[in-house]
Amino acid sequence: MFILKILLLMAALQLHTQTDEPVKPTLLYLIPIVILSLFSGANIFHLLFVSIILGCVLLCYFLFLSRWKDGLPYYGIMIGGLVIILIGF
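Residues numbered from 1 in each chain as written. Predicted model: local features only at pLDDT ≥ 70, side-chain atom pairs only at ≥ 80, totals over all residues. Heavy atoms only, no water.

**A look at the packing of aromatic side chains**
Quick reminder of the rule: Here is the rule: rings of Phe, Tyr and Trp (six-membered ring for Trp) pair when centre to centre is within 6.5 Å. Planes less than 30 degrees apart are stacked, more than 60 are edge-to-face, and the remainder are tilted.
Enumeration according to the criterion identifies three aromatic pairs in this entry. The interplanar angle of 45 degrees and the centroid separation of 5.8 Å between the aromatic rings of phenylalanine 64 and tryptophan 68 together place this pair among those described as tilted.

Have a look at this one:
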């Protein structure tokens with residue numbers, strides 16, 4: 001599952017660099033994770049709660065990447081967000 005998360009996040013980051021808007025990459029990462037969690041037998045209420053939190057975190061992550069496009073803040077957001085998203089969820 002961890003490798004799938006990395007692949008989805010890399011695809012979302014690539015989509016973000018092409019479109020420069022935060023909603024499409026957020027949905028590109030969130031929808032497959034939710035579908036896989038449903039098929040693995042996760043509790044619906046737990047999945048709903050985690051999906052809402054993950055969606056907000058992803059949206060903020062891609063919003064911050066849209067705002068700061070270069071320099072030290074960009075790389076700090078990139079690395080910090082990757083750690084939070086991959087390890088925290």
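**Looking at the packing of helix 3 (residues 44–67) against helix 4 (residues 71–88)**
We count it as follows: Here an axis means a line fitted to C-alpha atoms, over the contact stretch when the element is a helix, while the angle between two N-to-C directions is reported on a 0 to 180 degree scale. Comment: elements are numbered from the N terminus, with helices defined as DSSP H or I runs of at least four residues and strands as E runs of at least two. Oblique is the label for every angle not falling under 35 degrees (roughly parallel), over 145 degrees (roughly antiparallel), or within 65 to 115 degrees (roughly perpendicular). By convention the crossing between two helices is left-handed if the near helix lies anticlockwise of the far one by an angle smaller than a right angle, and right-handed if it lies clockwise. Between two residues, a contact is recorded if the distance between any of their heavy atoms is within 4.5 Å. We call Asp, Glu, Lys and Arg charged. Ala, Val, Leu, Ile, Met, Phe, Trp, Tyr, Cys and Pro are nonpolar, and the rest, Gly among them, are polar.
The interhelical angle for the contact between helix 3 and helix 4, taken along N-to-C directions, is 165 degrees, at an axis separation of 10 Å. When the axes of helix 3 and helix 4 are compared, the pair comes out roughly antiparallel. Regarding helix 3 and helix 4, the two cross each other, and that crossing is left-handed. Contacts from Val57, Leu58, Tyr61, Phe64 and Leu65 in helix 3 reach Tyr74, Ile77, Met78, Gly81, Leu82, Ile84 and Ile85 in helix 4. Considering only residue class, the contact of helix 3 with helix 4 consists of 11 nonpolar, one polar and no charged.

**A closer look at the environment of valine 50**
As a reminder of what qualifies: Accessibility here uses a 1.4 Å probe with only protein chains present; expressed as a share of the type maximum, an area under 20% marks a residue as buried, one over 50% as exposed, and anything in between as partly exposed.
Structurally, the position occupied by valine 50 is in helix 3. On the accessibility criterion, valine 50 (28% relative accessible area) is partly exposed. When the C-alpha positions of valine 50 and valine 34 are compared, they lie 9.3 Å apart, and in sequence the two are 16 residues distant.

**A look at unusual backbone geometry**
Residue aspartate 20 is not a glycine yet carries a positive backbone phi of 60 degrees. In this fold, aspartate 20 is placed in the loop between helix 1 (2–19) and helix 2 (23–39).

**Some remarks on the nonpolar core**
Quick reminder of the rule: Nonpolar cores are built from buried Ala, Val, Leu, Ile, Met, Phe, Trp, Tyr and Cys residues. Side-chain atoms within 4.5 Å join them into one set.
Counting residues in hydrophobic clusters, the biggest one holds 18 residues, and the most contacted among them are Leu9, Leu13, Tyr29, Tyr61, Phe62 and Leu65. Those elements that place two or more of their residues in this core are helix 1, helix 2, helix 3 and helix 4. Per-element accounting of this core gives the leading share, six residues, to helix 4. Beyond its immediate stretch of four places on either side in the chain, tyrosine 61 contacts Leu13, Ile77, Met78, Gly81, Leu82 and Ile85.

**Focus on the layout of surface pockets**
Let me state the cut-off plainly: Put simply, the grid is 1 Å and covers the protein atoms alone, a cavity is a trapped set of points that fit a 1.4 Å probe, a pocket is an open set with protein on both sides within 12 Å along at least five of seven lines, and lining residues have an atom within 4 Å of a point. Grid points are joined across faces, edges and corners, and a volume is the space filled by probe spheres set on the points.
Roughly 160 Å³ of volume is contained in the largest pocket. Lining the largest pocket are Lys5, Tyr29, Ile33, Val34, Ser37, His46, Leu47, Val50, Ser51, Leu54 and Phe89. Counting residues per element, the ones that place at least two in the lining of the largest pocket are helix 2 and helix 3. Residues of the lining of the largest pocket, tallied by class, amount to seven nonpolar, three polar and one charged.

Keep in mind these numbers describe shape, not what the thing actually does.
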